[in-house]
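# Commentary on secondary and tertiary structure
Given next are the chains, with one letter for each unit.
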Amino acid sequence: MTRMILWLALCLGLGLSACKKPASNASATAPASSGLAASSETTPRSLQGLAIRTELTGEAALGEATLLVYVLKDNEAVSGATVNLQGDMSHAGMVPVIAKANEISPGLYQSEGFRFTMAGDWIISTTVSLASGEKHESELRLNVPSK
């Protein structure tokens, strides 16, 4: 809950400059880096009034991971959304990791059963489906180091 409040304050404090609307309904993407770890997160972006941010808690490591997804629409926490996560390696041939995120408080969703199955560069795609039928996506790129 504290993270969500800090994120809201950051967006509001910066005049939502980090949450500006892209030219199209394109995915919000954080820059890829082979050194990303503990607090890797997407850059918050506004997609038709919807802001989505996906964040890895703890260190990026092989095994089970907890991902948090923050969802705001017009600066208000969004409840009742369906949030799905899909993890893909940056190279071909890897079976995607698919998980659902459950709402733990208004606007905050937590992954259930997400596992990093291999070391390397990952792309986590977050799909948020609103009750109105709108769907929005965001991406998180990070590196899972080998042990």
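Preceding this paragraph is the structure being described.
Bear in mind the structure is a predicted one, so any value in this text is a computation, not a measurement.

### Regarding the overall build of the chain
A tally of helices and strands in the chain yields one helix and 11 strands. Along the chain, from the amino end to the carboxyl end, the secondary structure elements read α-β-β-β-β-β-β-β-β-β-β-β. Relative to its full complement of 147 residues, the chain shows a buried share of 40%. Long-range contacts, defined here as pairs at least 24 residues apart, represent 59% of the contacts in the chain between residues at least 6 apart. Total accessible area on the chain stands at roughly 7400 Å², and carbon and sulfur atoms take up 53% of it.

### Here we look at the packing of aromatic side chains
Counted under the stated rule, the structure contains two aromatic pairs. Each ring, one from Phe114 and one from Phe116, has its centre 5.2 Å from the other, and the planes form 75 degrees; the classification is edge-to-face. Relative to Trp122, the ring of Phe116 has its centre 5.1 Å away and its plane inclined at 75 degrees; by these criteria the two rings are edge-to-face. Accessibility assignment for this pair places Phe116 and Trp122 in one class, buried. Within the aromatic cluster, the residues linked to one another by ring pairs are Phe114, Phe116 and Trp122.

### Notes on the nonpolar core
Side chains of a nonpolar character, in soluble globular proteins, are inclined to be buried together. Grouped together as the largest cluster of nonpolar side chains are 26 residues, with contacts concentrated most on Phe114, Phe116, Trp122, Ile124, Val128 and Leu142. Among the elements of the structure, strand 3 (50-57), strand 4 (63-73), strand 6 (82-89), strand 7 (97-105), strand 9 (114-116), strand 10 (120-129) and strand 11 (135-144) are those that each provide at least two residues to this core. In terms of residues, this core owes the most to one element, strand 4, which gives four residues. Residues in contact with Phe116, not counting those within four places in the same chain, are Leu56, Ala61, Leu62, Gly63, Ala65, Trp122, Ile124, Leu142 and Val144.

### Some thoughts on the pattern of salt bridges
A complete count under the given rule lists four salt bridges for this structure. Residues Arg53 and Glu55 are paired through a salt bridge, measuring 3.3 Å at the closest nitrogen-oxygen approach. Both residues of the pair, Arg53 and Glu55, count as buried. The partner of Arg141 in a salt bridge is Glu139, with the nearest N and O atoms 3.4 Å apart. The exposure class assigned to Glu139 is buried, which follows from its relative accessible area of 16%.

### With respect to the pairing of strand 6
The two faces of strand 6 differ: Val83, Leu85, Gly87 and Met89 on one face are buried, but Thr82, Asn84, Gln86 and Asp88 on the other face are not. As paired elements, strand 6 and strand 10 share eight bridges and run antiparallel to each other. When the bridges of strand 10 are listed, Thr82 appears paired with Ser129. Both strand 6 and strand 7 contribute to a ladder of five bridges, which runs antiparallel. In the strand pairing of strand 7, Gly87 is matched with Val97.

Parameters and conventions
Residues numbered from 1 in each chain as written. Predicted model: local features only at pLDDT ≥ 70, side-chain atom pairs only at ≥ 80, totals over all residues. Heavy atoms only, no water. Helix = DSSP H or I, 4+ residues; strand = E, 2+ residues; numbered from the N terminus. Buried < 20%, exposed > 50% of the residue type's maximum accessible area, 1.4 Å probe, protein only. Contact = heavy atoms within 4.5 Å. Areas by Shrake-Rupley, 256 points an atom, 1.4 Å probe, with all protein chains shown as cover. Phe/Tyr/Trp six-rings, centres within 6.5 Å; stacked < 30°, edge-to-face > 60°. Core = buried A, V, L, I, M, F, W, Y, C linked by side-chain atoms within 4.5 Å. Salt bridge = Lys/Arg side-chain N within 4 Å of Asp/Glu carboxyl O. Pairing = 2+ DSSP bridges.

Functional significance is not addressed by these values, which are geometric in nature.
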